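# What the coordinates show
Here is what each chain is made of, one letter per residue.
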Amino acid sequence: MPNEALRKKNALLDWQNEKKYQEKVLKDPKATAKNKEYAKKRITEADTYIKKLKGK
Amino acid sequence: MAGGKGGRGGRGGSTGGFSLPQLLRRMGEQGPQQYSSQPGSSLTLTPEQKKGDYTDNGNPSVVKWQGQTEDKSARFLSKIDNETDLSKYQAQTGDKWAFYDNPFQKMVLQMGLNKPATVLSQTDFDNYVNQTGATRIYRGWSGADSADRFKTSPNSHTGNGINGDGYYFSTDLSTAQSYGSYVMEGALSPTARVISINDVRAAISQTSRQFKSSLSYAGSRGTRTFGPNQGDAQMAIKMGYNVIDAGWAVIPLTRDALVVSNRRHR
């Protein structure tokens with residue numbers, strides 16, 4: 001069973017990777033407006049969690 | 001038993017995976033194509049792998065879940081949360097590894113979604129990838145024991161993440177290595193059925209408030225503090241898929257969606 005520190009580290013990596021990916025989607029000319037809208041939402045969410053996880 | 005006929009008693013047994021010739025035959029004659037549903041995805045899939053026809057070989061619990069109305073599905077999720085005793089299950093099945101408490105884990109156990117991955121030698125694995133064009137994916141484990149658990153446990157042990165519970169893999173080796181130094185190399189099997197996270201979330205947004213709430217509920221003891229998700233894995237199974245493509249991660253929900261190399265990369 002993963003311990004708390006490991007879970008926190010993995011969650012931070014998840015959010016950082018998701019953010020990087022959604023930033024690519026925003027720059028992707030093939031991405032639809034709906035996808036870009038979702039990407040923006042996820043980047044905001046990622047920023048919140050990254051801040052929270054780094055702060056703890 | 002909340003899972004009905006396909007639950008504990010009806011696991012349908014494990015296939016023990018496939019041989020290389022079986023895998024190649026099952027991948028079909030049409031080669032993989034770029035998967036376009038998820039923007040920026042680097043996965044290539046066969047037409048079969050894009051079909052939403054996953055039922056775990058007609059597992060009655062899965063078929064029932066897929067055909068259930070939303071209110072019945074919400075009650076089912078609540079029931080399995082209350083009735084699944086993970087420690088008891090571990091003891092009953094003689095599993096030496098404890099379960100991580102997440103809602104999808106309970107569904108996996110109640111439905112008996114425990115078929116193993118196909119484990120091949122590195123040579124056979126390379127042949128599989130080279131001959132089918134399947135995309136190589138990687139997972140970094142925190143320790144050798146966790147990797148062994150994936151390959152040898154009688155049960156599936158699913159993890160938690162921000163795009164649903166399941167097994168998180170990456171098409172990028174260095175990304176996988178950042179999670180753990182024990183890296184497993186894999187590829188999607190012919191029985192993988194892949195849906196994009198965008199399509200899963202779009203479907204969830206169309207469901208009733210009650211069902212949404214049941215899907216996102218982390219369970220009486222489970223936690224999603226660091227990685228909230230909306231019950232994406234449960235919804236994907238309901239839609240007939242056993243892999244979620246999140247773009248930055250490929251998330252098989254059941255082990256039989258994977259072919260893995262038995263070599264331990266470090």
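What comes next is a walk through the structure. (Residues numbered from 1 in each chain as written. Chains lettered and ligands numbered in written order. Predicted model: local features only at pLDDT ≥ 70, side-chain atom pairs only at ≥ 80, totals over all residues.)

With that settled, consider the sheet that holds strand S7 (residues 243–245) of chain B. All names here are of chain B. Spatially, the three strands line up as an open sheet ordered S6-S7-S8, and their pairing is mixed. One side of each edge strand has no neighbouring strand; the edge strands of this open sheet are strand S6 (194–196) and strand S8 (250–252). Here the average twist between neighbouring strands, direction ignored, is 25°. The pairing of S7 with S8 spans three bridges and is antiparallel. When the bridges of S8 are listed, Asp 245 appears paired with Val 250. Running at roughly 70° to S6, helix H9 (residues 197–205) makes contact with S6 and S7 of the sheet. (Pairing = 2+ DSSP bridges. Helix = DSSP H or I, 4+ residues; strand = E, 2+ residues; numbered from the N terminus. Axes fitted to C-alpha atoms, helices over the stretch in contact; angles between N-to-C directions. Contact = placed C-beta atoms within 7 Å.)

The next point concerns the environment of Arg 263 of chain B. Residues and elements named next belong to chain B. Relative to the assigned elements, Arg 263 resides in the segment after strand S9 (258–261). Given 14 C-beta atoms within a 10 Å radius, Arg 263 is considered partly exposed. Arg 263 sits 220 residues away from Leu 43 along the chain, and the two C-alpha atoms are 22 Å apart. (Buried ≥ 20, exposed ≤ 12 C-beta atoms within 10 Å, placed from the backbone.)

Attention now goes to the interface of chain A and chain B. Across the boundary between the two partners, chain A contributes 22 residues, which contact 16 residues of chain B. Contributions of two or more residues to the side of chain A that touches chain B are made by helix H1 (4–27) and helix H2 (33–55) of chain A. Ranked by the residues each element gives to the side of chain A that touches chain B, the list is headed by H1 of chain A, at 14 residues. In terms of residue class, the side of chain A that touches chain B is made up of 11 nonpolar, three polar and eight charged. (Nonpolar A, V, L, I, M, F, W, Y, C, P; charged D, E, K, R; others polar.)

Just geometry here; none of it tells us what the structure is for.
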